[in-house]
Amino acid sequence: MDNKTSDSSTPLLPTSYAANDAVDFHAEPSSTPTTLILTTLVAVFGSYVFGSAIGYSSPTQSGIMRDLDLGVAQYSIFGSILTIGAMIGAVASGRIADYAGRRVAMGFSQVFCILGWLAITFSKVALWLYVGRLLIGCGIGLLSYVVPVYVAEITPKNLRGAFTAVHQLMICVGMSLTYLIGAYVNWRILALIGIIPCLVQLLSLPFIPDSPRWLAKVGRMKESDSALQRLRGKNADVYQEATEIRDYTESFQRQTEASIIGLFQIQYLKSLTVGVGLMILQQFGGINGIVFYANSIFISSGFSESIGTVAMVAVKIPMTTLGVLLMDKSGRRPLLLVSAVGTCLGCFLAALSFVLQDLHKWKEFSPVLALVGVLVYVGSYSIGIGAIPWVIMSEIFPINVKGSAGSLVTLVSWLCSWIVSYAFNFLMSWSSAGTFFMFSSICGFTVLFVAKLVPETKGRTLEEIQASLNSLSSKR
C-alpha cells in the first residue's frame, strides 16, 4: 500500500462527526455480554505473558549464574536484552496488526514467546539464554501495542477504560506470580511454566472475533457487523454503532496509510503530542529504575529488602485493581492527575530520606521514610499513570495512522524504559537524593502536561475522540 500521506487540509471526518462530539450515537447495553468478557480475557493473557517475562530475571538470577557459570556482566546482558527485543517488536507491531489483523498479531507474538521460553529452558550456554530472551522481548514488544488496541476496539465506550486497563493489571499479576513461583522452583521449570499462558492464548485465538473496526478498515463489512453482534450480544441492537464505524471508516478510504514520518503533520499533532508525551513522562518518572532495583534502594536506605519487596507487591496489585474499577467512573484525567501528584510526592519523600541519611539525622526514621516514599510512588503509579497512557494511546489515533502511530509510541516507551533502566545505577552512584528529586520534578511536570494537553476520553466512542482531536488540530 502507498505510504504517502494525504494533504493536511483533507477533512478527516464528515463535519457532522467533528462538530457533534456530544451526540450519543448508540445506547449502551445494560449488561456485559459473556462473549465480550471471554474475548477480553483471552487478549489479556498476552498481558500476563508480558508481566511474567519482565518478572523472570529477578528470582532466577542466582540460579542461572550458578548453573551456567555467568558473571554479573553476562547476566546484565541477559536481563537488558529483553528491552532490545521489545523495541524490535514495537517497530513491527503496528504494521503486523494493521495488515494481518489483531488476532494474528497476538498469535504471532506468542510463537516468539514460546520459542524464547524453550530456548531458555534448554540452554547450556549464555548465547542461547540471550537468544531466548531476545525472542521473548520481540513477542512482548508486539503484545504491548496490540493488546490494548484490540481491547479498546472491541469494547463499548462505557466499559472501554476499565477493560483496557485490565492489560496493566494482568502485567502486574504476571510479574507478581512469577516472583512468587520463582522463589520455590528451578529457573528451567519457571521458564517452562512461562509457556502455559502463551499456549492458552494461542489456542484460544481462533474462537474469538477479530476487531470490528479492523475488519471494516480492510473492507470486510459483513464480518465486521457479525463480529460486533457477537461482542454486544445476540439480542443487542448494533445498527447505529455499526453504521458509525462504517461511515467513519469510509471517510478514510480516500486517504492512504501514513508512514511514521507522515505522522508529523499538523492534523495529527495533538494526538501525537499526547501519545508520545505520556509515554516519555511515564518512563522518565523513574518506574523501571525503582521497580527493577527496589532491593538496592531499600539496602541503600537501611531498610529490609525482603520486607520492602513484599510491601511493594502488597500495594501494587490492589492499587492497580482500584485503578481499573475507577477508570470509567472518575475518568482518565482525574486519575492521571491524582497519580502524577502521588508519584511526585513519593519520589520527594524518598529523596528526603536520603538527604536525612547524608546529614546523619533522624537515622531511625529515614529508612521508614524511604519505604513510605517508594510505596506511595508505586501505589500512585499503579492507580493511573501505569495503565492510562496505554488506554489513551489505543483511543486517540485515527484508523489510517493507528498502526504507524502505535509503533512509534510503543517504540518510544521501550526506548525510554531502556534509558532509565540503564542509567539508574549510575544516577544513584552520583546522588541518591538527586536521582529521586529529578524523578519528582518530572512527575510534577506530568501534572502540568495532563492538565493542559490530555483530553478526557471517558464515555466517548473512538470515532468521537479522534474526530475531536483531529478537527482541533486541522483548524490551527
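Since this is a predicted model, take the numbers as computed values, not measurements.

Caption draft 1: Layout of empty space enclosed by the protein. In this structure the tally under the stated criterion is three cavities of 30 Å³ or more. Here the largest cavity defines a volume of roughly 80 Å³. Arg213, Tyr248, Thr249, Phe397, Pro398, Ile399, Lys402, Leu462, Glu463 and Gln466 are the residues that line the largest cavity. The set of elements that each furnish at least two residues to the lining of the largest cavity consists of helix H11 (239-250) and helix H21 (462-474).

Caption draft 2: Up close: helix H10 (residues 221-232). Over its 12 residues, H10 extends 16 Å from the first C-alpha to the last, a length consistent with the 16 Å expected when each residue adds 1.5 Å. Taken residue by residue, H10 has Ser224, Ala227, Leu228, Leu231 and Arg232 as its buried positions. Take H10 and look down its axis: the buried residues cluster within an arc of 125°, on one side only. Tucked inside the fold, the buried residues of H10 contact helix H2 (34-56), helix H6 (126-154), helix H9 (212-217) and H11. Just past H10, the residue glycine 233 takes up positive phi, approximately 105°.

Caption draft 3: Structural detail: the packing of aromatic side chains. Evaluation of the coordinates by the stated rule reveals 10 aromatic pairs. With a centroid separation of 5.2 Å and an interplanar angle of 70°, the aromatic rings of tyrosine 56 and tryptophan 117 are classed as edge-to-face. Here tryptophan 117 lies in helix H5 (residues 102-121) and tyrosine 56 lies in helix H2, a separation of 61 residues in the sequence. The same class applies to tyrosine 56 as to tryptophan 117, namely buried. Judged by centre distance (5.3 Å) and plane angle (50°), the ring pair of tyrosine 75 and phenylalanine 78 falls under tilted. With tyrosine 75 and phenylalanine 78 both in helix H4 (residues 72-99) and three residues apart, this pair spans about one turn of that helix. For phenylalanine 78, a relative accessible area of 0% puts it in the buried group. Through a chain of ring-to-ring contacts, the aromatic side chains of Tyr56, Tyr75, Phe78 and Trp117 assemble into a single cluster.

Caption draft 4: View of the pattern of salt bridges. Tallied over the entire structure, the rule returns 10 salt bridges. Of the charged contacts, one joins aspartate 210 and arginine 103 as a salt bridge, the two residues approaching to 3.6 Å between their closest N and O atoms. Separated by 107 residues along the polypeptide, aspartate 210 in the loop between helix H8 (187-204) and H9 and arginine 103 in helix H5 bring together distant segments of the chain. Judged by its relative accessible area of 8%, aspartate 210 falls in the buried class. The salt bridge partner of aspartate 225 is arginine 246, with a shortest N-O separation of 2.7 Å. Placement of the pair is aspartate 225 in helix H10 and arginine 246 in helix H11, with a sequence separation of 21 residues. On the basis of relative accessible area, arginine 246 is assigned to the partly exposed category, the value being 22%. One salt-bridge network, in which partners are shared between bridges, spans Arg160, Asp328, Arg332 and Glu395.

The rules behind these values
Residues numbered from 1 in each chain as written. Predicted model: local features only at pLDDT ≥ 70, side-chain atom pairs only at ≥ 80, totals over all residues. Heavy atoms only, no water. 1 Å grid on protein atoms, 1.4 Å probe; cavity = no way out; pocket = protein on both sides within 12 Å on 5 of 7 lines; lining within 4 Å. Points joined across faces, edges and corners; volume = space filled by probe spheres on them. Helix = DSSP H or I, 4+ residues; strand = E, 2+ residues; numbered from the N terminus. Expected span 1.5 Å × (residues − 1). Buried < 20%, exposed > 50% of the residue type's maximum accessible area, 1.4 Å probe, protein only. Arc of directions from axis to C-beta. Contact = heavy atoms within 4.5 Å. Phe/Tyr/Trp six-rings, centres within 6.5 Å; stacked < 30°, edge-to-face > 60°. Salt bridge = Lys/Arg side-chain N within 4 Å of Asp/Glu carboxyl O.

Honestly, it's all geometry; don't read function into it.
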